[in-house]
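A look at the structure
This is what each chain is made of:
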Amino acid sequence: IDPTGFGVYDAVNFTLRIPVPEEGWMNWYEEDRLPGMKVLRYYNFCERGYQPIDNRTRSFINSRMVHGLSSAPASPAADTLLTFFKRKLLDGERPEEEAAEKAYSWVCSVRAEMEKGGVDKDIVGKTVNSIRDILMEKGNALPGLDTFLEKLVQG
């Protein structure tokens, strides 16, 4: 199902598009079964080479990431972030070093995408620190977490 009619075009061209008109973006964001998962998946696609269709899309997603993690680790998005890391990055299905590198690469893509969007470097740093804090507080059983955190500190 392709409600926009752009699905194949966007996939072939490595383009990211929010699948509703701009006036509906906030509703689209809020209708997420796991709060913030759509935003995390956006960055996951960026890590694989996809780019937003325009800067308004990038700015909206970045603003939702900052907002979602602003009260971390107590925010609902914190639990979603932990779920994302468990399922996609530090899932125990690959060697710890490889998993840690994948997680680190994902965080680097978040940082790069936010910087491309003109997000203030202090806010980018706070967002990355929120990711770190959530994982340190809630992710103690994730395979590769210690190696990932070491890479994050060094990077």
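One structure accompanies this document, and this report is about it.

Some thoughts on the environment of alanine 78
You can see alanine 78 is positioned in helix 5 (residues 76-89). On the basis of relative accessibility, which here comes to 0%, the residue alanine 78 falls in the buried class. Each C-alpha atom, one on alanine 78 and one on glycine 24, is 24 Å from the other, the two residues being 54 residues apart in sequence.

Quick notes on the side chain of arginine 64
If you trace the backbone, arginine 64 turns up in helix 4 (residues 55-69). Buried arginine 64, no salt bridge; nearest opposite-charge side chain is glutamate 30, N-O distance 6.1 Å. Those residues within four positions of arginine 64 in sequence are excluded, and the remaining contacts are Met26, Tyr29 and Val39.

Brief notes about the nonpolar core
Judged by nonpolar contacts, the single largest core of 43 residues is most densely connected at Tyr43, Met65, Phe85, Trp106, Ile131 and Phe148. Mapped onto this core, the elements with two or more residues apiece are helix 2 (25-30), helix 3 (37-47), helix 4, helix 5, helix 6 (96-116), helix 7 (121-138) and helix 8 (145-154). Looking at this core element by element, the count peaks at eight residues for helix 6. Other than its neighbours up to four places away in sequence, tyrosine 43 contacts Ile61, Asn62, Met65, Trp106, Ser109, Val110, Glu113 and Met114.

A few points about the packing of helix 5 against helix 6
Taken N-terminus to C-terminus, the directions of helix 5 and helix 6 make an angle of 130°; their axes are 10 Å apart at the nearest point. Considering the angle they form, helix 5 stands oblique to helix 6. The hand of the helix 5/helix 6 crossing is right-handed. Contact residues: Leu81, Phe84, Phe85 and Leu89 in helix 5; Ala99, Lys102, Ala103, Trp106 and Val107 in helix 6. Of the residues assigned to the contact of helix 5 with helix 6, the class counts are eight nonpolar, no polar and one charged.

Quick look at the pattern of salt bridges
The tally for this structure, following the rule as stated, stands at 11 salt bridges. For the salt bridge of lysine 151 with glutamate 97, the shortest nitrogen-to-oxygen distance reads 3.2 Å. Here glutamate 97 lies in helix 6 and lysine 151 lies in helix 8, a separation of 54 residues in the sequence. The exposure class assigned to glutamate 97 is partly exposed, which follows from its relative accessible area of 47%. The partner of lysine 121 in a salt bridge is glutamate 115, with the nearest N and O atoms 3.6 Å apart. Among the residues examined, lysine 121 registers a relative accessible area of 61% and is labelled exposed.

Considering the packing of helix 6 against helix 8
Packed helix pairs are characterised by how far apart their axes lie and by the angle those axes make with each other. Here helix 6 crosses helix 8 at 40°, and the two axes come no closer than 8 Å. Considering the angle they form, helix 6 stands oblique to helix 8. Once helix 6 is placed against helix 8, the crossing between them reads as right-handed. Contact with helix 6, carried on its side by Glu97, Ala100, Glu101, Ala103, Tyr104, Val107 and Arg111, involves Thr147, Phe148, Lys151 and Leu152 of helix 8 and no other residues of that element. Here the contact of helix 6 with helix 8 is built from residues that sort into six nonpolar, one polar and four charged.

Here's the deal with the packing of aromatic side chains
Any two aromatic rings considered together are summarised by their centre-to-centre distance and by the angle between their planes. For the structure shown, the criterion picks out 10 aromatic pairs. One aromatic cluster is present, formed by Tyr42, Tyr43, Phe84, Phe85, Trp106 and Phe148 through successive ring pairs. Just above the ring of phenylalanine 6 sits the side chain of arginine 17; from NZ or CZ to the centre is 3.8 Å. Lying across the ring of tyrosine 29, arginine 64 places its NZ or CZ 5.4 Å from the centre.

Rules of the game
Residues numbered from 1 in each chain as written. Predicted model: local features only at pLDDT ≥ 70, side-chain atom pairs only at ≥ 80, totals over all residues. Heavy atoms only, no water. Helix = DSSP H or I, 4+ residues; strand = E, 2+ residues; numbered from the N terminus. Buried < 20%, exposed > 50% of the residue type's maximum accessible area, 1.4 Å probe, protein only. Lys, Arg positive; Asp, Glu negative; His and termini not counted. Salt bridge = Lys/Arg side-chain N within 4 Å of Asp/Glu carboxyl O. Contact = heavy atoms within 4.5 Å. Core = buried A, V, L, I, M, F, W, Y, C linked by side-chain atoms within 4.5 Å. Axes fitted to C-alpha atoms, helices over the stretch in contact; angles between N-to-C directions. Parallel < 35°, antiparallel > 145°, perpendicular 65-115°, else oblique. Left-handed = near helix turned anticlockwise from the far one by under 90°. Nonpolar A, V, L, I, M, F, W, Y, C, P; charged D, E, K, R; others polar. Phe/Tyr/Trp six-rings, centres within 6.5 Å; stacked < 30°, edge-to-face > 60°. Lys NZ or Arg CZ within 6 Å of the ring centre and 35° of its normal.

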